[in-house]
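# Observations on chain architecture
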Amino acid sequence: MSGESVKVAVRVRPFNQREIDRKAKLIIKMTNQMTMISNPDAPNEEPKKFSFDYSYWSHDGFTTTPEGILEPVPGTNYANQRTVFNDLGNGVLKNAFEGYNCSLFAYGQTGSGKSFSMVGYGPNKGIVPITCDELFKTIESNTDPNKRFEVTFSMLEIYNEQVRDLLTKDNPKGGLQVRQNPKLGMFYVENLKKVPVGSYEEIEKRTEQGTASRTVASTQMNATSSRAHTVVTITFDQIIKQENGETKKSSTMNLVDLAGSERADSTGATGDRLKEGANINKSLSALGNVISALADLSMGKKKVMVPYRDSALTKLLQNALGGNSKTIMIAALSPADINYDETLSTLRYADRAKKIRNQAVINENPLDKLIRELKEENDKLRKALEGGGMISNEAGLSPEDMQKMRKEMEEQIRSQLLANQQMLNENVQSWDEKLSAARTETNAIAQEESKEVKKRKTVPHLKNLNEDPMLSGVIFHFLDTKETAVGRKDATPLPSICLSGLSIQKQHCKLYNNKGVIEIEPVGGSSAKTKVNGMPLVARRILTNKDRVLFGSNHLYVYINPTKDDAPKDLPKEITWEFAQKEIAQAKGFATGSSEMSKEQQIAQEQILEILPMVSEVNAVSEELNKYKSFEVVLISAAAQEGLAPTKTTSFFGRKKKNEESRVMVKMKDLRNGNTWLWERGKFMNRRYMIQEMYQKYLDGEDVLSIQKEADPFWEPIEDMLIGTANAFLQSLSYALDFDDKLTITDYKAQEEGFLYINIAPCTASGKPLDEDYFVENANELKGKPFHFKITIRSADVHKVRFSKGLKVKYRVYKEDQLTETKLVTGTMTPEFNHSRVIAFSKVTQEHLEWFETGSITFLMYAKQEDSDGDPKLQKLTTRELRQMDQIGNVAASGRRGTIFGSEAIMAPENNAHVKTELVVLQRKYERLAQKEKRMQQVCEEWSKKPPEEQQFDAFFRTVSAVANSSGTRLKTRVQLLNKDSRNGHGDDDTISLFVFGEDESELAAAADENNGFVSYDKVSKHHFEYEKFPNQRFGQVNRSSSYDEDSLASVDLAPFMASEQENGVDSSVGTHKSRAKLKNGYKTGPTQKRSRSLGNDKNGVNSSGKVTEDNGKEKDGSSACSLQ
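Further remarks concern the overall build of the protein chain. Within the protein chain, the regular secondary structure consists of 21 helices and 49 strands. By the burial criterion, 50% of the 1125 residues in the protein chain qualify as buried. Within the protein chain, residue pairs in contact and separated by at least 24 positions form 69% of the contacts whose partners lie at least 6 positions apart. Surface summary for the protein chain: the accessible area is close to 54,000 Å², and the carbon and sulfur share equals 49%.

Okay, structure coming up:
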């Protein structure tokens, strides 16, 4: 494909203040035309490289002049605004004077610096104003009397596929129509205002007028400016006198600031059933498809359909992309690691665009010929209209289809007639007349602005704040009368400040000027929503300089008193939209400080600040349309989401990595029956966009209240509700111990919703419990061996009756993609699940051990929801009344609860579980070391009692060293319990275990192997000792235990720790002496039957008959005693 390629430039901006605060890392590097991006999550990975026509480094290496202009520091490669214009803007100007159509469009995510490059801020003017300025400088320098110039200016905005003229207040419902010229094949905007301009100053005034229109519209229509495309079109005509008449050389310059290019999949909207119904990304998606198709054509592919008709934007950019235009694209890049995915997406987008080839031609035609052709075409169109559109029925169409087609053709013909007639009329009125009329209008705008500027210096006023910095400080309301009413334009009398949009009442509030002191007061009896400094306005109060005032859901202002600076000293010099939104978030209980936050927590904070005003807006629509739905922002742990399957960024240890600890979601609640739904952030933003569209149709008079529920963005089919989660931490498995506990079920606000009774225990492959004395002191002993454990979910208690319709539990173990769920138990608040499952690891690896040590299993408790009308009494209340009741109920139940980030969050259940397990492990180690110490004392005592001639030091040293260097071998031996029935010859065998240390350790272990793991007691009796119990440091004394592990002969006294047993509903008196060691609430407990503390010689409590007795050796009738085998 011949032609000229689209020129592509990329530009990287400096860190913004948020990125500086969070200590963002730079991921972009530039060398000449090469741009490289590094993946922050893979620092050892080779950076991805892209080559463009221009790579502009504007990240650092600059200084600010006294005039505020950014200039490069000598020796740096900083590219300032003039550098960018010299490369790109000059090319646009040159092409325009040669008669070519030119297009320049900026692409990139919101906040990446598109507007700075295109328009600029303050004295750092961007490409558009510099181009316009240089255009008129060149015109003024013209000395050719046979050449004259005509420049027209238009400015439009595309939002939600609707085209709005920004230079007029009279836009039709549904926006202006985009039509196609049947002769030229080009698309144009019908009835778009084109203003003749004669100087750069006039363009500047018209641009300010368009910007003000954008601000008003974005507030009234609840539109987000970052989702709108702005197109400035400058038509530049050169009329040249020649001997045979006049020739017109015409150039159309399209300067396009595209909407933010946030990827649709990154917001999580992919799962929304109504995703296809929203236009939120339609224009950009269509633009991407057009660029891809044109890139394929340039690579030689055939039969490629370029989908220009898929959106209003791509229709208007048809010439710019693949058509008659010389086109430049500037891609704006964010330098921060937090935006890696979006920046990489932008680079790939730009890389495709550079493959497009356009067919630009000089637009030069004799004026007489143009006029003659227009008249001839009009005659043909009139004849076609009189002939019914010249439709024949050769295709066999039905009368209805024929009528429909005829109507469509007639509409197209009429619109083309009007367009042609408009062009002819333009040639009837002289250019000077048109320019004079436009200048009269422009001067009136300039005079009004001049008066306003003077007034701002002396009169207290309200200045608007907007998410887009370019739209802030555009609207001013002066408070120079004793009383200023705020309300809607349909109010009587007409308010001084007329606002429209969500939550604006006819009589909203009033402001009073008492000798320069401004007071604000809500209108009595009105439910108007007004906030001052983030807090609801409930009574009359004085405003101080820099106070932030929010009217309704969208009208945000800062109060400025130029004559009295009584603002608090801790306020910033300039109040921004972001500052005001943070303040509103803080008032709602969200923490907004970032000094102690991780990068991931700061991301969550940004998302919360972004989504909070959207939630307020959607709640306001719900109230106005009476949808009985309420919305709130929630932070949900990533592990507590059913649809979350393990990914490369997910920890398999039951808990998420830090970058996935929590996720910003929105909870929708049906106020009539209490049903709730959790929406991903992206799904909510998608729905919010559709709700905006629905509300706009409502304002336009369309019936949106009787649509089918499947098409209603407020409706969602019934789904199970996540009540809360409970975490079982697995450290006990590292030592092959059971974990038996009552887990607290907590919701996303960390409020208790009930309890779950579970057991996690090592077992055999068939699920049978392991030998009662099985225990590993070092977790590494499990490595390389098969391991099985059993998860048992016994029952649950929930606190709320409405959950009794049906309850079930879901959970995921280790690397499982699918969730395992219990049966659904209905009609009770105390379901018995009796669910068990054996988990098998064929060979334990280090990763398994890490999971045991630091991981957990998250149990998700779900409740069944039913679609019902709820309480009939509630049907008579409005959504606003129900929301107020719901808010009062929430505060009464739980009080205000802030959202906690970072170090403020305390995971008490996790810490307690780990501490309890460590306590048991230390107890085991203490038992072994105590026995080792006793054995060492025994060896020394035996040596000291020998006659001097038998005290061989070498032999003694060898024995002591063997004991000291031994880690001990655990062996089992058998004893016989003598119970009440022993006189009848009946007795019970019992097994005990003990450690052996020293030179005979290997010999005894070999003997045990030959005897099915047992060794005769007479061989190990000297290794059996009485010793002090594990000390209870918490209570400062050693207590005898009534609950100890029968695998050992000493145990920590658990009685002081077991105060929570009754609270947890566990009967600590229940147990059998054959139970193996378990962790109850994280602590190891054993049999409750009282047992002898020692077995061995007389010194250790053995009576002369060879019986081991209780109570210090005093034998009682009917008491249990042990005889040795």
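This part covers the pattern of salt bridges. Counted according to the given criterion, the structure contains 47 salt bridges. With a closest N to O distance of 3.2 Å, Glu45 and Lys48 form a salt bridge. Taking the relative accessible area as the measure of exposure, Lys48 reaches 26% and is therefore partly exposed. Between Glu680 and Arg663 there is a salt bridge, and its shortest N-O distance comes to 3.2 Å. Of this pair, Glu680 sits in strand β35 (residues 676–680) while Arg663 sits in strand β34 (residues 662–670), and the two are 17 residues apart along the sequence.

This next bit is on the confidence of the model for the protein chain. Detail in the predicted coordinates should be disregarded across regions flagged by low pLDDT. Summary statistics for the protein chain give a mean pLDDT of 78 and a share of 74% for residues scoring 70 or more. Scored below 50 in pLDDT, residues 895–911 makes 26 contacts in the model with residues more than four places away or belonging to other chains. Contacts for the low-pLDDT stretch residues 1032–1125, under 50 throughout, to residues beyond four places or in other chains number 207 contacts.

Moving on to the packing of helix α2 (residues 81–98) against helix α4 (residues 127–140). Contact pair α2 / α4: the axes reach a minimum separation of 9 Å and the direction vectors enclose 50°. One finds that α2 runs oblique with respect to α4. Pair α2 / α4 crosses with right-handed handedness. Contact residues: α2 offers Gln81, Arg82, Val84, Phe85, Leu88, Gly89, Val92, Leu93 and Phe97, while α4 offers Ile127, Ile130, Thr131, Glu134, Leu135, Thr138 and Ile139. Each residue belonging to the contact of α2 with α4 can be placed in one class, and the counts come to ten nonpolar, four polar and two charged.

Before going further, it helps to examine the nonpolar core. Counting residues in each nonpolar core, the largest one holds 49 residues, and the members touching the most others are Leu287, Leu321 and Met329. Once residues lying within four places of it in the same chain are set aside, the contact partners of Leu321 are Phe105, Leu287, Val290, Ile291, Leu294, Tyr308, Ile356 and Asn358. Within the second largest apolar cluster, 40 residues are counted, among which are Leu733, Phe789, Val798 and Phe859.

Examined bridge by bridge, strand β26 (residues 507–514) and strand β27 (residues 517–522) share six bridges and lie antiparallel to one another. The residue bridging Lys510 from the neighbouring strand is Glu521, located in β27. Once β26 ends, the chain turns through two residues before running back antiparallel as β27, passing Lys515 with a positive phi of about 55°.

Attention now goes to the side chain of Asp740. Turning to its location among the elements, Asp740 is positioned in strand β37 (residues 739–746). For Asp740, a relative accessible area of 7% gives the class buried. Here the side chain of Asp740 touches Asn759 through a polar contact of 2.9 Å, side chain to side chain. A polar contact is formed between the side chain of Asp740 and the side chain of Arg794, at a distance of 3.1 Å.

To continue, consider a nonpolar patch on the surface. Where nonpolar side chains cluster on the molecular surface, the patch consists of Tyr698, Leu699 and Leu705 and spans about 270 Å² of accessible area. Within the fold, Leu699 resides in helix α14 (residues 681–699). Judged by relative accessible area, which is 41%, Leu699 ranks as partly exposed.

Time to look at the sheet that holds β35. Strand order in the open sheet formed by three strands is β33-β34-β35, and the pairing between neighbours is antiparallel. The open sheet is flanked by β33 (629–637) and β35, the only strands paired with a single partner. Across the sheet, the mean angle separating the axes of adjacent strands is 30° when strand polarity is ignored. In this structure, β34 lies alongside β35, joined through five bridges in antiparallel fashion. If you follow Lys669 over to β35, its bridge partner there is Thr676. The strands touched by α14 within the sheet are β33, β34 and β35, with β35 carrying the most contacts at an inclination of about 100°.

Turning next to the side chain of Ser283. Among the secondary structure elements, Ser283 is positioned in helix α6 (residues 282–298). The exposure class assigned to Ser283 is buried, which follows from its relative accessible area of 6%. Within polar-contact distance, the side chain of Ser283 engages the side chain of Glu161 at 2.7 Å.

Attention shifts here to unusual backbone geometry. Between Thr492 and Pro493 the backbone carries a cis peptide bond, its omega angle lying at -5°. Mapped onto the secondary structure, Pro493 falls in the loop between β24 (483–487) and β25 (497–498). The phi dihedral of Asn533 is positive, around 55°, even though this residue is not glycine. Positive phi outside glycine occurs at Tyr814, with the angle close to 55°. Here Tyr814 shows up in the loop between β40 (807–811) and β41 (820–821).

Turning our attention to the packing of aromatic side chains. What describes a pair of aromatic rings is the distance from one ring centre to the other and the angle between the planes of the rings. Under the counting rule described, the total for this entry stands at 28 aromatic pairs. Members of the aromatic cluster, each reached through a chain of ring pairs, are Phe787, Phe789, Tyr814, Phe841, Trp851 and Phe852. Over the ring of Trp679 we find Arg687; its NZ or CZ atom is 4.8 Å from the centre of that ring.

One can find Cys102 in strand β9 (residues 102–107). For the pair formed by Cys102 and Ile234, sequence separation is 132 residues and the distance between their alpha carbons is 9.8 Å. In this view, Cys102 contacts Val92, Asn95, Ala96, Ser251, Thr252, Met253, Asn254, Ser325 and Lys326; residues no more than four positions away in its chain are not counted.

So, about the sheet that holds β25. Pairing is mixed across the open sheet formed by five strands, whose spatial order is β25-β24-β26-β27-β30. Pairing within the sheet leaves two strands with one partner each, and these edge strands are β25 and β30 (541–542). Sheet analysis places β24 next to β26, joined by five bridges and oriented antiparallel. Across the sheet, Glu483 pairs through a bridge with Tyr512, a residue of β26.

Cut-off values and rules
- Residues numbered from 1 in each chain as written.
- Predicted model: local features only at pLDDT ≥ 70, side-chain atom pairs only at ≥ 80, totals over all residues.
- Heavy atoms only, no water.
- Helix = DSSP H or I, 4+ residues; strand = E, 2+ residues; numbered from the N terminus.
- Buried < 20%, exposed > 50% of the residue type's maximum accessible area, 1.4 Å probe, protein only.
- Contact = heavy atoms within 4.5 Å.
- Areas by Shrake-Rupley, 256 points an atom, 1.4 Å probe, with all protein chains shown as cover.
- Salt bridge = Lys/Arg side-chain N within 4 Å of Asp/Glu carboxyl O.
- pLDDT = per-residue confidence, 0-100.
- Axes fitted to C-alpha atoms, helices over the stretch in contact; angles between N-to-C directions.
- Parallel < 35°, antiparallel > 145°, perpendicular 65-115°, else oblique.
- Left-handed = near helix turned anticlockwise from the far one by under 90°.
- Nonpolar A, V, L, I, M, F, W, Y, C, P; charged D, E, K, R; others polar.
- Core = buried A, V, L, I, M, F, W, Y, C linked by side-chain atoms within 4.5 Å.
- Pairing = 2+ DSSP bridges.
- Polar contact = N/O pair within 3.5 Å; in protein donor to acceptor, adjacent residues only side chain to side chain.
- Patch = residues over 30% accessible without salt bridge, like charges linked within 9 Å, V, L, I, M, F, W, Y side chains within 5 Å.
- Phe/Tyr/Trp six-rings, centres within 6.5 Å; stacked < 30°, edge-to-face > 60°.
- Lys NZ or Arg CZ within 6 Å of the ring centre and 35° of its normal.

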